Amino acid sequence: MSSYVVDPPKQASIPVVGDSKSFPVRRIYCIGRNYVAHVEEMGGTADRDPPLFFQKPTDSVVNSGATIAYPTKTGNYHHEVELVLAIGKGGRHISEADAQGHIWGYAVGLDMTRRDIQGGGMPWEIAKSFDESFPVGAITPKSKTGVIDKGQIRLTVNGKVVQDSDVSLLIWRIPEIIARLSEYFELFPGDIILTGTPHGVGPVVPGDKLVATFDGLAPLEVTCGPAK
């Protein structure tokens, strides 16, 4: 049995719908600029550029029902609702035809962003990968949902709809995301992939209640608290 000079970090995990066991999180991969309307609202063009990948740390995971702290070093804290993939079978150079077979389940999540830092040209690590930057709802197994390639994704803030789209509008579709990502990294069971956010991103302030939904998946509810 291994021993350590300091206590090892707690294993990050996400609840699973209908199961007492949870899904262990190994790595969290994200793709940026993957809906045309969002690319355009951020000042870009709707060209089908190569996928823009980045990562979040595992301890950025926050489960539904939590209060998340307003992060430091920002005055423009934004929500981005996304369909989330939970990988159950790993591999390298996965083909698009085989990609769906690597998905264990689905959830809805938020890629919280320090927009002023991101827009200021600073490293995306600082803008995207901070504490509590990945609130996520419970995972529903693919065995219950079937393959998801369409469906309404929505976010409300204090009851007002701010993001509302359909994942059929992804620029890079789910099999393409998995196949392309596996060219850069070997995927393993426990990996998480955020598939991109639709248009309507905007600011969050302390006291706001965010509710993210996707057809057939468990909702995500979090509240923005004060800065720590």
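Further up the page is the structure itself.
Now for a quick tour of the structure. Please read all numbers here as calculations on a predicted model, not as lab measurements.

Moving on, we get to unusual backbone geometry. Although it is not a glycine, His93 adopts a positive phi angle of roughly 50°. Inspection of the secondary structure puts His93 in the loop between strand 8 (81-87) and helix 2 (96-99). We note that Asn158 has phi near 55°; this positive angle belongs to a residue other than glycine. Here Asn158 shows up in the loop between strand 13 (152-157) and strand 14 (160-166).

Next up on the list: the environment of Val162. By the element assignment, Val162 lies in strand 14. Of the residues examined, Val162 reaches a relative accessible area of 28% and is grouped as partly exposed. Linking Val162 and Val81, residues 81 residues apart in sequence, is a C-alpha distance of 9.9 Å. Aside from chain neighbours lying at most four places away, what touches Val162 is His79, Leu155, Thr156, Val157, His199 and Gly200.

Further remarks concern the sheet that holds strand 16 (residues 202-203). Remark on secondary structure: sheet strands pair via backbone hydrogen bonds, oriented parallel or antiparallel. One open sheet holds the three strands; their spatial order is 10-7-16, and the pairing between them is antiparallel. With partners counted over all chains shown, the strands left at the sheet margins are strand 10 (113-114) and strand 16, one partner each.

Strand 3 (residues 28-32) sits mainly inside the fold: five of its five residues count as buried. The alternating pattern of strand 3 places Ile28, Cys30 and Gly32 on one face and Tyr29 and Ile31 on the opposite face, and all of these are buried. Bridge count for strand 3 against strand 4 (residues 52-56) is five bridges, and the pairing is antiparallel. Note on strand 4: the bridge partner recorded for Ile31 is Phe53. Bridging between strand 3 and strand 15 (residues 192-194) involves three bridges; their strand directions are parallel. Bridge pairing in strand 15 places Ile28 opposite Ile192.

Before going further, it helps to spend a moment on the packing of aromatic side chains. Applying the stated criterion across every chain, the model contains six aromatic pairs. With 6.2 Å between their ring centres and 65° between their planes, Phe53 and Tyr184 make a pair best called edge-to-face. Taken as a pair, Phe53 in strand 4 and Tyr184 in helix 6 (residues 174-184) lie far apart in primary sequence, 131 residues in all. A residue is classified by how much of its surface remains accessible, and Tyr184, at 55% relative accessible area, is exposed. Relative to Trp124, the ring of Phe54 has its centre 5.2 Å away and its plane inclined at 75°; by these criteria the two rings are edge-to-face.

This paragraph deals with the pattern of salt bridges. Scanning the entire structure with this criterion turns up ten salt bridges. One salt bridge in this structure joins Lys56 and Asp111, with 2.8 Å as the shortest N-O distance. You can see Lys56 sitting in strand 4 and its partner Asp111 sitting in the loop between strand 9 (103-110) and strand 10, a full 55 residues away along the chain. Side by side, Lys56 and Asp111 carry an identical accessibility label, which is buried. Residue Arg92 is joined to Glu186 by a salt bridge in which the shortest nitrogen-to-oxygen separation is 3.4 Å. In this pair, Arg92 is assigned in the loop between strand 8 and helix 2 and Glu186 in the loop between helix 6 and strand 15, connecting sequence segments 94 residues apart. The class of Arg92 is exposed, set by a relative accessible area of 52%.

About the criteria used
Residues numbered from 1 in each chain as written. Predicted model: local features only at pLDDT ≥ 70, side-chain atom pairs only at ≥ 80, totals over all residues. Heavy atoms only, no water. Helix = DSSP H or I, 4+ residues; strand = E, 2+ residues; numbered from the N terminus. Buried < 20%, exposed > 50% of the residue type's maximum accessible area, 1.4 Å probe, protein only. Contact = heavy atoms within 4.5 Å. Pairing = 2+ DSSP bridges. Phe/Tyr/Trp six-rings, centres within 6.5 Å; stacked < 30°, edge-to-face > 60°. Salt bridge = Lys/Arg side-chain N within 4 Å of Asp/Glu carboxyl O.

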